Amino acid sequence: MPGSVRRVVRWGLVSLFVVVGTACGSAADVQTIFIDGSSTVGPITQAVAEEFQGSFRGARVPVGVSGSGGGFHKFCTGETDITNASRPIRKIEIELCAENGIGFVELPIAFDGLAVVTNPDNDFVACLTVEELQRIWEPAAERAVTSWAQVRPGFPDEELLLYGPGVDSGTYDYFTTAIVGEEGASRGDFTPSEDDNVLVQGIAGDRNAIGFFGLAYFTANSEALKLLGVNSGDGCVTPSPETVNSGVYQPLSRPLFIYVSLLSTEREDIQTFIRFYLENAGLLVSDVGYVALTDELYVLAIERFENRVTGSVYAGEGAMIGVALEDLLRE
Amino acid sequence: MRALRADQWNPRMGRRRRYGAIFRYATIVSTALGLLVLVVLITDVVRRGAGEIDLHFLTSFPSRFPVKAGLRTALLGTFWMIAMTALISFPIGVGSAIYLEEYAPESRLKRFIQINIANLAGVPSVVYGLLGLGLFVRNLALGRSILAGSLTMSLLILPIIIVASREALRAVPVSLREGALALGASRWQMVRRTVLPAALPGVLTGTILALARAIGETAPLITIGALTYIAFDPNGPMDLFTVLPIQIFNWVSLPQKEFASLAAGGIVVLLVVLLLANLAAVVLRNRFERRG
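These numbers were taken from a predicted model, which means no experiment stands behind them.

A. Focus on the overall build of chain B. When helices and strands are tallied, chain B shows 11 helices and 0 strands. Along the chain direction, N to C, the helices and strands of chain B fall in the order α-α-α-α-α-α-α-α-α-α-α. The C-alpha atoms of chain B give a radius of gyration of 25 Å, which is well past the 19 Å a tight globule of 292 residues would have. On the principal axes, the C-alpha backbone points of chain B span a range of 85 × 60 × 35 Å.

B. Region of the structure containing the packing of aromatic side chains. Residue and element names in this part refer to chain A. One pass over the structure, following the stated rule, counts 19 aromatic pairs over all chains. The interplanar angle of 75° and the centroid separation of 5.3 Å between the aromatic rings of Phe-124 and Trp-148 together place this pair among those described as edge-to-face. Of this pair, Phe-124 sits in the loop between β3 (104-118) and β4 (127-129) while Trp-148 sits in the loop between α5 (130-137) and β5 (161-165), and the two are 24 residues apart along the sequence. Given a relative accessible area of 22%, Phe-124 falls into the partly exposed group. Ring geometry for Phe-273 against Tyr-277: centres 5.9 Å apart, planes inclined by 90°, an arrangement best described as edge-to-face. In this pair, Phe-273 and Tyr-277 are both assigned in helix α10 (residues 268-287), 4 residues apart and thus about one turn of the helix distant. Judged by relative accessible area, Phe-273 falls into the buried class, the value being 0%. Look at Tyr-277 and you get buried, because its relative accessible area is 1%. Three or more aromatic residues link up through ring pairs in this structure, and these residues are Phe-52, Phe-56, Phe-273, Phe-276 and Tyr-277.

C. Expanded view of the nonpolar core. One finds Phe-273 and Ile-274 of chain A to be the most contacted residues of the largest nonpolar core, which totals 99 residues. Examining the composition of this core, we find that 10 residues originate from one element, β3 of chain A, more than from any other. Lining this core are residues from two domains, each supplying at least three of them: domain 1 (35-112 + 254-330) and domain 2 (113-245) of chain A. In this structure, Ile-82, Leu-156, Ala-210 and Val-243 of chain B belong to the second largest nonpolar core, which totals 44 residues.

D. A look at empty space enclosed by the protein. Counted according to the given criterion, the structure contains 2 cavities of 30 Å³ or more. Taken together, the elements giving at least two residues each to the lining of the largest cavity come down to α2 (42-55) of chain A together with α10 (244-252) of chain B. Of the residues belonging to the lining of the largest cavity, the class tally is 9 nonpolar, 5 polar and 2 charged.

E. Region of interest: a positive patch on the surface. Positive charge collects at one region of the surface, where Arg-12, Arg-15, Arg-16, Arg-17 and Arg-18 of chain B lie side by side. Within the element layout of this structure, Arg-17 of chain B appears in helix α1 (residues 13-49).

F. Main features of the domain arrangement of chain A. Residue and element names in this part refer to chain A. Splitting chain A by domain gives domain 1 (35-112 + 254-330) and domain 2 (113-245). In this structure, domain 1 and domain 2 have C-alpha centres spaced 28 Å apart. Taken together, the contacts link 15 residues of domain 1 with 15 residues of domain 2. Our count for the domain 1 to domain 2 interface comes out at 2 salt bridges. Between Asp-173 and Arg-90 there is a salt bridge, with the nearest N and O atoms lying 2.7 Å from each other.

G. Local environment of the packing of helix α5 (residues 125-139) of chain B against helix α6 (residues 146-170) of chain B. All names here are of chain B. With their axes 9 Å apart at the nearest point, α5 and α6 run at an angle of 135° to one another. As far as their axial angle goes, α6 and α5 are oblique. Considering the relative orientation of α5 and α6, their crossing is right-handed. Seen from α5, the contacting residues are Ser-125, Tyr-128, Gly-129, Leu-131, Gly-132, Phe-136 and Val-137; seen from α6, they are Ala-148, Leu-151, Thr-152, Leu-155, Leu-156 and Pro-159. For the contact of α5 with α6, the class distribution of residues is 9 nonpolar, 4 polar and no charged.

H. Quick peek at the interface of chain B and chain A. Listed per partner, the contact involves 40 residues of chain B and 46 residues of chain A. Both faces combined, the contact of chain B with chain A buries some 3,500 Å², and carbon together with sulfur accounts for 56% of it. When the area that chain B buries against chain A is broken down by residue, the three leading residues are Arg-64, Tyr-229 and Pro-255 of chain B, summing to 22%. Put simply, chain B and chain A have 7 salt bridges between them. Between Arg-144 of chain B and Asp-36 of chain A there is a salt bridge, with its nearest N and O atoms 2.5 Å apart. Seen at the junction of chain B and chain A, the total is 17 residue pairs in polar contact (both at pLDDT 80 or more).

Conventions adopted
- Residues numbered from 1 in each chain as written.
- Chains lettered and ligands numbered in written order.
- Predicted model: local features only at pLDDT ≥ 70, side-chain atom pairs only at ≥ 80, totals over all residues.
- Heavy atoms only, no water.
- Helix = DSSP H or I, 4+ residues; strand = E, 2+ residues; numbered from the N terminus.
- Rg over C-alpha atoms; globule rule 2.2 N^0.38 Å.
- Phe/Tyr/Trp six-rings, centres within 6.5 Å; stacked < 30°, edge-to-face > 60°.
- Buried < 20%, exposed > 50% of the residue type's maximum accessible area, 1.4 Å probe, protein only.
- Core = buried A, V, L, I, M, F, W, Y, C linked by side-chain atoms within 4.5 Å.
- Domains from an automatic or database assignment.
- 1 Å grid on protein atoms, 1.4 Å probe; cavity = no way out; pocket = protein on both sides within 12 Å on 5 of 7 lines; lining within 4 Å.
- Points joined across faces, edges and corners; volume = space filled by probe spheres on them.
- Nonpolar A, V, L, I, M, F, W, Y, C, P; charged D, E, K, R; others polar.
- Patch = residues over 30% accessible without salt bridge, like charges linked within 9 Å, V, L, I, M, F, W, Y side chains within 5 Å.
- Areas by Shrake-Rupley, 256 points an atom, 1.4 Å probe, with all protein chains shown as cover.
- Salt bridge = Lys/Arg side-chain N within 4 Å of Asp/Glu carboxyl O.
- Lys, Arg positive; Asp, Glu negative; His and termini not counted.
- Charge placed at Lys NZ, Arg CZ, Asp CG, Glu CD.
- Contact = heavy atoms within 4.5 Å.
- Axes fitted to C-alpha atoms, helices over the stretch in contact; angles between N-to-C directions.
- Parallel < 35°, antiparallel > 145°, perpendicular 65-115°, else oblique.
- Left-handed = near helix turned anticlockwise from the far one by under 90°.
- Buried area = accessible area lost by both parts, 1.4 Å probe.
- Polar contact = N/O pair within 3.5 Å; in protein donor to acceptor, adjacent residues only side chain to side chain.

What follows is the structure in structure tokens.
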């Protein structure tokens, strides 16, 4: 009987030594580029990392997705080299970075169009104006605007059911900024989900539903949903790679960013990675369902990186609606 | 006391039998309902994901192309983390259980410790994640390593191991202890040669079931910052890692439908790993029981 106990103890000790033994010769001697941040931008950076690790053997580029906010927190405390963000850095985050002496270079890498969609059985709406979208989503609409008839005279008196990304997401922040005019301000009586595929399911199964999420989720589910155009005053525009890239689809096109720590830009492997990123992003972003920037913008971004231009073009004021990225980068 | 008259004797046997039968069927229905949900869930996942599973799927790194993507880092990460968690939590958990059952005198302190261990078993796993982030990742500067993840998971499952091990130790008859002591064994000899071998099957079963819970946990690892995309093998306990549930979660959230079937494939693999763990528990128990 004691033999069994002894055996368990012996195996435990053996495996402990193996583990401790392997621990000593690891990790520290390999250079790793630490990246975290937005789950929207994650797939793009993962695609770039995949290609980069294919071209440069031995490179280690892991990517986490703790969200734009969580990513900035880790970035500004010096835990990561690069952070992904689906919105510009906020004032308090800039202050946190400054407190810890972390300078950063802000680089736009792609566009994301926000798609406004309904159920395919909805036959009365094809396009909504920004004012109508505001009427639907503003805080005052809570329990007040509950019928399609209230959105536009002539629409049937059917129940209005709303779906949208969770209030912690950068997508929600951008939509409320662009449509309601104030970041984070919206009615509370809508069905939120952090998982956009859940929103797709919800809208696809609900005749009277309307909702919004990233264009990639519409493209992957186009047969189950109906895409609406958005009229911001110059006629109805439907989001597509072309209208998002050219900036015609307004105000629901947003730029996506990576932020590089100034300290990390001194590392040669990180310089190589950023150049690789900006040179190949144009091809790679469409693989994962996003819209590439124009070639000129990528050139401007590379210049910005090579000159180590620090700070945010948005100065912590949040996304600017309808301001061309090119003008901001040229300033 | 008044004597009962014969016409008052009414056992109502028919009604009692009927109630008995109804209750029996009610229990059968509850069991069947639970099983039905499980069967539906498993067949649905297997139907969607079984086609994805091949050697390539198990040995490839994650990729943006669904056909190229695989579970390699997640599988390796899960094995590393579970092995380390077992090494850390087993000695500490069983040690505490032995102290509480065999050595600790009955006192207010012991009762206080017991209540707290029982409470800890019910704390949501995210809370352990936050503790792990503050203590292991930041204060002890272990970073987002396998070691930090395993220590966090150990904290999470320690209460379960301690409770299960104490149950197993308590099931050992007092007469065995008294017999050993009467023969002149010291307390340590008594524990090592008599009590532990007799309790070992129960202790191991409890430990492996606790580890199985750790295999399926995501929240605490996401909190401590385990990563989602890693395209290199972990080469030691201080290396970065990801685990199966995180990889599945990542695939589920992508827009392209092909990744949903990959996620289903990943779930099947996770189920198989869990099943193997439970099987190991049964085999170990039988082996030690036969000897004991």
